[in-house]
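Here's the letter readout for the chains.
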Amino acid sequence: MTIITNHMPTAELQALDAAHHMHPFTNGNQLAAKGTRIITRAQGVMLTDSKGNEILDGMGGLWCVNIGYGRSELAEVAARQMRELPFYNTFFQTSHVPVIALSAKLAELAPGDLNHVFYAGSGSEANDTNIRMVRTYWAQMGEPARNIIISRRNAYHGSSMGSGSLGGMSGMHAQGGLPIPDIHHIDQPHWYAEGGDMDPEAFGLARARQLEEKIEELGPHRVAAFIGEPVQGAGGVIIPPDSYWPEIQRICDKYGILLIADEVICGFGRTGNWFGSQTMGIRPDIMTVAKGLSSGYAPIGGSIVSDRVAEVMNDCEFNHGYTYSGHPVSCAVALENLRILQEEKIVERVAQETAPYLKRKWESLCEHPLVGETRIVGMMGSLALTPHKASRAKFASEPGTAGYICRERCFANNLVMRHVGDRMIISPPLVISKSEIDLLIERAWMSLDQAEKQIRDEGLMKAAM
Ligand SMILES: *Cc1c(COP(=O)(O)O)cnc(C)c1O
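Cut-off values and rules
Residues numbered from 1 in each chain as written. Predicted model: local features only at pLDDT ≥ 70, side-chain atom pairs only at ≥ 80, totals over all residues. Heavy atoms only, no water. Pairing = 2+ DSSP bridges. Helix = DSSP H or I, 4+ residues; strand = E, 2+ residues; numbered from the N terminus. Axes fitted to C-alpha atoms, helices over the stretch in contact; angles between N-to-C directions. Parallel < 35°, antiparallel > 145°, perpendicular 65-115°, else oblique. Left-handed = near helix turned anticlockwise from the far one by under 90°. Contact = heavy atoms within 4.5 Å. Nonpolar A, V, L, I, M, F, W, Y, C, P; charged D, E, K, R; others polar. Near = heavy atom within 4 Å. Polar contact = N/O pair within 3.5 Å; in protein donor to acceptor, adjacent residues only side chain to side chain. Areas by Shrake-Rupley, 256 points an atom, 1.4 Å probe, with all protein chains shown as cover. Phe/Tyr/Trp six-rings, centres within 6.5 Å; stacked < 30°, edge-to-face > 60°. Buried < 20%, exposed > 50% of the residue type's maximum accessible area, 1.4 Å probe, protein only. Lys NZ or Arg CZ within 6 Å of the ring centre and 35° of its normal.

Could you give an account of the sheet that holds strand β13 (residues 415–416), naming the residues involved and the relevant values?
Paired through their backbone hydrogen bonds, the strands of a sheet run either parallel or antiparallel. Strand order in the open sheet made by the four strands is β1-β2-β3-β13, with mixed pairing throughout. Every interior strand has two partners, whereas the edge strands, β1 (39–43) and β13, have only one. Inspection of the sheet shows strand β3 (residues 54–57) paired to β13 by two bridges, in the parallel sense. Looking at the pairing, Asp-57 lines up with Val-416 of β13.

The following block contains the structure:
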């Protein structure tokens, strides 16, 4: 048996990592020069690294550890399932108990007539399923020309060829030949950065109406679906103005196009309801799920599909599937995660107690001289760094310079808070307590102070023209 011990000196682990491990979304040489931080254990909302630091995980892993770390119930369920039936496929007229139980549970939890689940191993794979599913749906309906999917710039829907194309990340589109054909993008509802002098609600309406303009431009008979995250996550926790989603829903209804809500981050309590679609008041035809579905304890994703779409899809053979579609261990772990979320009333506690508390504390960061705005819904929040509050100015330096300085201060202060450009973002485990929220805010404030000093010292406190 191979054992990678925790007792190796950190420097040796870092050297091995640099020699053999290629990290996602990372410049390998820069990281090798600096050395990775090696996480060895975690409990609740706290991580421990190989040097014994106790780090508050303000990102819930990667937006996914909703029930927090160290829940041994999930480990036990996984071990039991591995002994009983570690794997069986769902392709060849077979099924198994965990996938059946999870599907019924998701149909119960999901709003409206979202009663059917197609499984994947991740959010990216699930969005690839969605591309093929909505196009196949319209072909089955006798409208094969309806194959265009409209998404938004700065959206994140995954990293595969299909899901990366749905996403609107310019850095991703620049590598590897993305986007694939017949994916179009409209602008994002990001008032702080792009709203200019407009009132936020008028701006939200204007951004939603770009969907209608795009449909008219492409031809309504060509458009299959619109996809959006209820709240953009990786794009910078961008909470749209209230006017935005109802207008998107109206336009989808008017043209009869399918609405796909990418709930990979927003799902399973993140926004204070079970799904972000409920928080935003929309009725999607398909929801993409992953991340919080298993709280990250096992890889699993899926598309939760409405009766309308499932009826049509069930009438053909959909030539699509993954070896790990409905993996029994992942399904069993997800089911146990949902049991804990439900029985411990974690989503209700977020909505009634901890999210309102976090909101008050998070908004107090807006008093910091470096902070231009704070935004938060449920357990996902963001703040904008600025050299000049009143004008919402951007920094003159390369975007992300100030954000990176702040992130480095957070890291040094044992707080995981990410930056997206010059925005700082949090998405802590849903089980974070009030005293842990106090600690998060305390470390964030201290890091902002230090970042401000460094930004001034380096002469970077200058607004872009
Ligand atoms: C993370 C994410 C994905 C991709 O999920 P993976 O499991 O990383 O493939 C898709 N959509 C959204 C909104 C995400 O945040």
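Lay out the packing of helix α16 (residues 401–412) against helix α17 (residues 434–457) with the relevant residues and their values.
For the pair α16 and α17, the least separation of the axes is 8 Å and the interaxial angle reads 135°. In terms of orientation, α16 lies oblique with respect to α17. Helix-helix and strand crossings are classified by hand; for α16 and α17 the assignment is right-handed. Residues Ala-402, Ile-405, Cys-406, Arg-409 and Cys-410 of α16 lie in contact with α17, whose contacting residues are Ser-447, Leu-448, Gln-450, Ala-451, Gln-454 and Ile-455. Classifying every residue of the contact of α16 with α17 by side-chain character gives seven nonpolar, three polar and one charged.

Summarise the site of the ligand; cite the residues concerned and give the values.
Near the ligand the following residues occur: Ser-122, Gly-123, Ser-124, Asn-127, Tyr-156, His-157, Gly-158, Glu-229, Asp-262, Val-264, Ile-265 and Lys-291. Within the side chain of Ser-122, a nitrogen or oxygen atom sits 3.5 Å from an oxygen atom of the ligand. Here Tyr-156 contributes a backbone N or O atom positioned 3.5 Å from a nitrogen atom of the ligand. When the ligand is considered free in solution it has 390 Å² of accessible area, and contact with the protein chains removes 85% of it. In terms of residue count, the dominant contributor to the shell around the ligand is helix α6 (residues 123–140) (three residues). When its residues are assigned to classes, the shell around the ligand shows three nonpolar, six polar and three charged.

Can you lay out the side chain of Lys-105 for me, pointing to particular residues and giving the numbers?
Relative to the assigned elements, Lys-105 resides in helix α5 (residues 97–109). Aside from chain neighbours lying at most four places away, what touches Lys-105 is Leu-335, Leu-338 and Gln-342.

For the packing of aromatic side chains, give the residues involved together with the corresponding values.
Applying the stated criterion across every chain yields a total of seven aromatic pairs. Consider the rings of Phe-226 and Trp-245, whose centres lie 6.3 Å apart with planes at 65°: the pair is edge-to-face. On the criterion of sequence distance, the pair formed by Phe-226 in strand β7 (residues 223–228) and Trp-245 in helix α11 (residues 244–255) is long-range, its members being 19 residues apart. Accessibility expressed as a relative area gives 1% for Trp-245, which makes it buried. Summarising the aromatic geometry, the rings of Tyr-244 and Trp-245 are spaced 5.5 Å apart at their centres and angled 80° between planes, so their arrangement reads as edge-to-face. Here Tyr-244 falls in the buried class, since its relative accessible area comes to 0%. One aromatic cluster is present, formed by Phe-226, Tyr-244 and Trp-245 through successive ring pairs. The cationic tip of Arg-407 hangs over the ring face of Phe-411; the distance from NZ or CZ to the ring centre is 4.7 Å.

Explain unusual backbone geometry residue by residue, including any values.
Here Leu-178 and Pro-179 are connected by a cis peptide whose omega angle stands at -5°. By the secondary structure assignment, Pro-179 is in the loop between α8 (170–173) and β6 (183–186). The backbone of Asp-182 shows a phi angle near 65°, a positive value even though the residue is not glycine. For Asp-182, a relative accessible area of 26% corresponds to the partly exposed category. Although it is not a glycine, Lys-291 adopts a positive phi angle of roughly 30°. Within the fold, Lys-291 resides in the loop between β9 (286–289) and β10 (301–306). Lys-291 sits in the partly exposed class, given a relative accessible area of 23%.

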